[in-house]
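Working through the structure, step by step
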Amino acid sequence: MKFVLALMLCLFAALLPQPGWADEDAFATALRSLNADSYAEKISAAQTLAALGDPRSSVVLTALGDGMLYARADGSLLMEAGGSYIDPISGKAVPGVAASDLTALTVNNRLRGILRGLQATLDISSPDPAARLKAIQAVTALASPESAELLHKALDHESDPGVKKALQSTLAGLDLVSPDKDRRLAAVATLASSTDRGVQAQLQSLIAAEPDPQVKAAAQKVLSSIDDKLAAIGFAANLFQGLSLGSVLLLAAIGLAITFGVMGVINMAHGEMIMLGSYTAYVVQEAFRAWMPPAWIDLYLIVALPVAFLFTALVGIILERGIIRFLYGRPLETLLATFGISLILQQAVRSVFGAPNKEVANPGFMTGGFELMGGFTVTWNRLIIIVFCLVVLGALAALLRWSAFGLQMRAVAQNRPMAAAMGIRTGRIDAFTFGLGSGIAGIAGVALSQIGNVSPNLGQGYIVDSFMVVVFGGVGSLWGTLVGAMSLGVVNKFLEPYAGAMLGKILMLVFIILFIQKRPRGLFALKGRSVEN
Amino acid sequence: MKLFQTLVGAGALMAAGSVSVGAMAAEDTIKVGVLHSLSGTMAISETTLKDTVLMMVDDINKHGGLLGKKVEAVVVDPASNWPLFAEKARELLEKQKVSVVFGCWTSVSRKSVLPVFEQDNGLLFYPVQYEGEESSRNVFYTGAAPNQQAIPAVQYLMSKDGGEVKRWVLEGTDYVYPRTTNKILEAFLKAQGVKDEDIMVNYTPFGFSDWQTEVAKIKQFGAAGKKTAVVSTINGDANVPFYKELANQGIKAEDIPVVAFSVGEEELAGIDTKNLVGHLAAWNYFESVKSPENDAFIKEWHAYTKNDKRTTNDPMEATYIGFKMWTQAVEQAGTTDVDAVRQAMYGQKVKNLTGGTAVMNTNHHLSKPVLIGEIQANGQFQTVWKTKDVIKAEAWSSYLAEDKGKIADWTYPWVCGNCTTGKYAAQ
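Being a predicted model, the structure only gives us computed values, none of them experimental.

**Looking at the overall build of chain B**
Counting its secondary structure elements, chain B contains 13 helices and 18 strands. The C-alpha atoms of chain B give a radius of gyration of 22 Å, which matches the 22 Å a tight globule of 427 residues would have. Summarising its shape, the C-alpha atoms of chain B cover approximately 70 × 60 × 40 Å along the three principal directions. Per-residue burial over chain B gives 57% buried out of 427 residues. Sequence-distant contacts, at least 24 apart, represent 69% of the contacts inside chain B between residues at least 6 apart.

This is the structure:
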């Protein structure tokens, strides 16, 4: 039956006027063999497809790489695009296909790498300069003699200056191993402005094997200039990573700077406030997924911020009114009580959401990054968090400095009886202050959900670091918290490459212990009568 | 075959001495201890295994129980607290008088309960892949040893299909499992002719979250022009920020693949896997493998948890195999007496969920197949490579100099887990 149908289809197809009939056959055959069992067969089929130079090949290979190519029970292939299925031969949509009847064509890393290379050879003549640049990079990674030929051809037709430069430096890299001395020398000269680690490695191997002293000297000179540049880039990368770690520490510590710094409550449940904030982000994300149009999903993070602030502030106020206010002036009992609260909150979250981690996806604007130079990648989520923590700190400082609530808060912190005598309702101020600290911890939780785990234990990882920052920076000083967090972050990141992550952290703690011996009140100690008792 | 097994079992029973058979017969239930953390850091992984044991107990009771008795699970919570593991184990063995315990995840918790099981002659089934270098008379290890996970994974990456990797980053969390595994891997790689400068070993603390420097270092190490891969023994919570940082810094699996030994379906559920497609994991089980046994297991699991989305993973399969083997051994021995059951365990066979048959060896470890899978966008693994046959676990690595000649064999004439001459050796 199937055979008859196929025959009829063939006859029908033969009746239609079709240019390149032979090619058509080759395309269909190669396409069919993509659905082979072994990866070796798939690879040769993909190479055949690319060699055909058919415009459809590029589309099919992209779909294969993305896992969007499916096989039907009869062996014919379909592509998925925007939720509908398309026949790759005719390019027309095929209606009425159920996803359960299809099996996706499997791809492994080797095939994926080869596909990327093939794709690049097809894209190298693309009209879009960005696509050409990407293609050149991919072809460079392949580094075969055929690719040199291909790149030379591409250079002849290239008009875009950026792409031209990339091509020249890639070709220079290939010329480094040329038997011709002058070509090697020219290649070294072209590479002088490079900041690529791959070039560094290439030059090193050139110097090791170079027979000609002139080329060797030139290569050594270029290599040392590249080394210097890369060292400078490494320094900048360390600084950025340090600031990023500092911003995370700062975010975790700002809330504690209020509850511990201003109110003097040793709040062991601070980490759990951060955790509640992260879970709020998760809940808001799920709500968006369930009820909002898919295009709005990226907005969930912005909505989560005020929601997390209000929710954790409310939890904070309830805690303060319900438990902590009875324990003022008894630090040991406060410590134990808040530690108990932290365990209760953890287990409560575990009971409601379950023990496994929850997935909080990065919105589009926080994924990926851009390579600045020489392998130094600035990732968006880190950059946004640095800016965000500074904004939060600024807003908090402004609130304390200029608002009536801030004034009252400072008054209560400095001299409670006097503030009460002036008509300030100190109980209410205490509750709001604790709520503010908790709310900021909640906001921090939303931000931290973007870089780490969302699990019931999330808070524990941050509580020690938070206390470290506040004590180091100076209890009660926001400015101290900022400087403390940033310097701890940067010092840590400069230690890490040499000492390793483990030893780096130990050295850090030793440093802080020694520092506290010298300056028990931290970097920026508050002065005045209030501190004396 | 069945007859042969029964004979072995019967013989074993006589040999082991049937002192406690009479004492056990008086009880009308068989107690099974479950020693998994239900709170604290490890709850994320261990809760699932507790549920698996409960599901199996449920299932066996539905089918008439064991030796005509009902099986009763005794669940305790050691709360991710290592010393508490020992206390709870003692409680299970001495107060609850359980016949067998299924439990532990981390190696440190296993090491902490080991003296208790050896002192009280209890029976522990340990279901997690681990660093090897151990074989206790009172423990059956149903997870993978390094030669059933780490070594095949590295061999795959060295092969043509794996990308012919020449440079290696061994990245791990700083504790006993990664350190021992990396020691074995380093010895293996050097035996394969990999040079010192092509191996980078790095450790980070538990729960490490700021991966910027480490990932940048990996990127730099990989830029030297040789194909590079990362072998990750990063544990638990630290994985999510690690993979996020990899994706954000633009490291693709085609350039620098990461093969992980502690990342399974359960861990991937907490990560957005779209940017991780192609990174690898080596296990003895993947949920995505199609087989009648696996389909039935997943169906039962979904029905038991009343949740269609709950994933299954490798330690669950190890728990499943361990539980099945134990019930078979008990039926064969006709008693739950530890010495009798231990003898009946040797050569015990259970069908793997991924095909083939798992066999319990006399070194208390299993023979199992090894699978390598690539992460897919849907959070599942797609098998890209599988051993042709089952691989027998080595308790002592053949690549470490200090393990040379060490034998784990609990049958005559060896009867020891760590010796170079047998206890009853004739030579």
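**Focus: the overall build of chain A**
Across its full length, chain A carries 21 helices and 7 strands. A compact globule built from 533 residues should have a C-alpha radius of gyration of about 24 Å, whereas chain A, at 31 Å, is more than 25% larger. When the backbone C-alpha atoms are referred to their principal axes, chain A occupies close to 100 × 75 × 35 Å. Out of the 533 residues belonging to chain A, those deemed buried represent 42%. Across chain A, the fraction of contacts at a sequence separation of at least 24, relative to all contacts at a separation of at least 6, is 68%.

**Examining the nonpolar core**
Within the largest apolar cluster, 207 residues are counted, with the highest numbers of intra-cluster contacts made by L250(A), A253(A), I254(A), A444(A) and V259(B). For this core, the element with the highest residue contribution is helix α11 (residues 213-262) of chain A, accounting for 16 residues. Those residues in contact with A444(A), other than ones at most four positions away along the chain, are L251(A), A252(A), I254(A), G255(A), I274(A) and G277(A).

**Some points on the domain arrangement of chain A**
Taken domain by domain, chain A consists of domain 1 (21-110), domain 2 (124-211) and domain 3 (239-365 + 377-465). A C-alpha centroid distance of 51 Å is found between domain 1 of chain A and domain 3 of chain A.

**A word on the environment of F27(A)**
Residue and element names in this part refer to chain A. Within the secondary structure, F27 is located in helix α2 (residues 21-33). We classify F27 as buried; it has 20 C-beta atoms within 10 Å. Residues F27 and D54, spaced 27 residues apart in sequence, show a C-alpha to C-alpha distance of 7.9 Å. In this structure, F27 is in contact with L52, D54, R56 and I89, ignoring residues within four places of it in sequence.

**Quick notes on the domain arrangement of chain B**
Residues and elements named next belong to chain B. Parsing chain B into structural domains produces domain 1 (2-144 + 291-366) and domain 2 (150-260). When each unit is reduced to the centre of its C-alpha atoms, the spacing between domain 1 and domain 2 is 33 Å. Contact with domain 1, which involves 7 residues of that partner, is made by 5 residues of domain 2. Broken down by secondary-structure element, the contributors of at least two residues to the side of domain 1 that touches domain 2 are α3 (43-62) and α5 (107-120). By residue class, the composition of the side of domain 1 that touches domain 2 is 3 nonpolar, 2 polar and 2 charged.

**Some points on the pairing of strand β1 (residues 29-35) of chain B**
Of all 7 residues in β1(B), 5 are buried, a share of seventy percent or more. In terms of handedness, the path from β1(B) via α3(B) over to strand β2 (residues 70-76) of chain B forms a crossover that is right-handed.

**So, the interface of chain B and chain A**
Listed per partner, the contact involves 46 residues of chain B and 47 residues of chain A. Among the secondary structure elements, those contributing two or more residues to the side of chain B that touches chain A are α3, β7 (199-204), α8 (212-222), α9 (239-248) and β15 (381-386) of chain B. Among the elements that take part in the side of chain B that touches chain A, α8(B) stands out by supplying 7 residues, more than any other.

**Quick look at helix α4 (residues 82-95) of chain B**
For an α-helix the count is 3.6 residues per turn, leaving residues at separations of three or four pointing the same way. All names here are of chain B. End to end, α4 covers 20 Å across 14 residues, agreeing with the expected 20 Å (1.5 Å per residue, within 8%). Buried within α4 we find F85, K88, A89, L92 and L93. Looking straight down α4, one finds that the buried residues subtend no more than 130° of arc, so they occupy a single side. Summarising the geometry of α4, the exposed residues directed more than 90 degrees from the buried face are P83 and K95.

**So, the confidence of the model for chain B**
Residues and elements named next belong to chain B. Looking at chain B, pLDDT values average 88 and 93% of them are 70 or higher. The secondary structure element of chain B with the lowest average pLDDT is helix α2 (residues 21-25), at 40, and the one with the highest is strand β4 (residues 124-126), at 97. With a pTM of 0.80, the predicted complex shows an ipTM of 0.76.

**Concerning helix α7 (residues 176-191) of chain B**
Residue and element names in this part refer to chain B. Taking 1.5 Å per residue as the helical rise, α7 with its 16 residues ought to reach 22 Å, and the 23 Å between its terminal C-alpha atoms agrees with that figure. Considered for burial, the residues of α7 that qualify are Y177, P178, T180, T181, N182, I184, L185, F188 and L189. Where the residues of α7 are buried, they touch α5, α6 (150-158), β6 (167-173), β7 and β8 (228-233). Of the residues one or two after α7, G193 is the one with positive phi, at around 90°.

Procedures and definitions
Residues numbered from 1 in each chain as written. Chains lettered and ligands numbered in written order. Predicted model: local features only at pLDDT ≥ 70, side-chain atom pairs only at ≥ 80, totals over all residues. Helix = DSSP H or I, 4+ residues; strand = E, 2+ residues; numbered from the N terminus. Rg over C-alpha atoms; globule rule 2.2 N^0.38 Å. Buried ≥ 20, exposed ≤ 12 C-beta atoms within 10 Å, placed from the backbone. Contact = placed C-beta atoms within 7 Å. Core = buried A, V, L, I, M, F, W, Y, C linked by C-beta atoms within 7 Å. Domains from an automatic or database assignment. Nonpolar A, V, L, I, M, F, W, Y, C, P; charged D, E, K, R; others polar. Right-handed = clockwise from strand over helix to strand, strands pointing away. Expected span 1.5 Å × (residues − 1). Arc of directions from axis to C-beta. pLDDT = per-residue confidence, 0-100.

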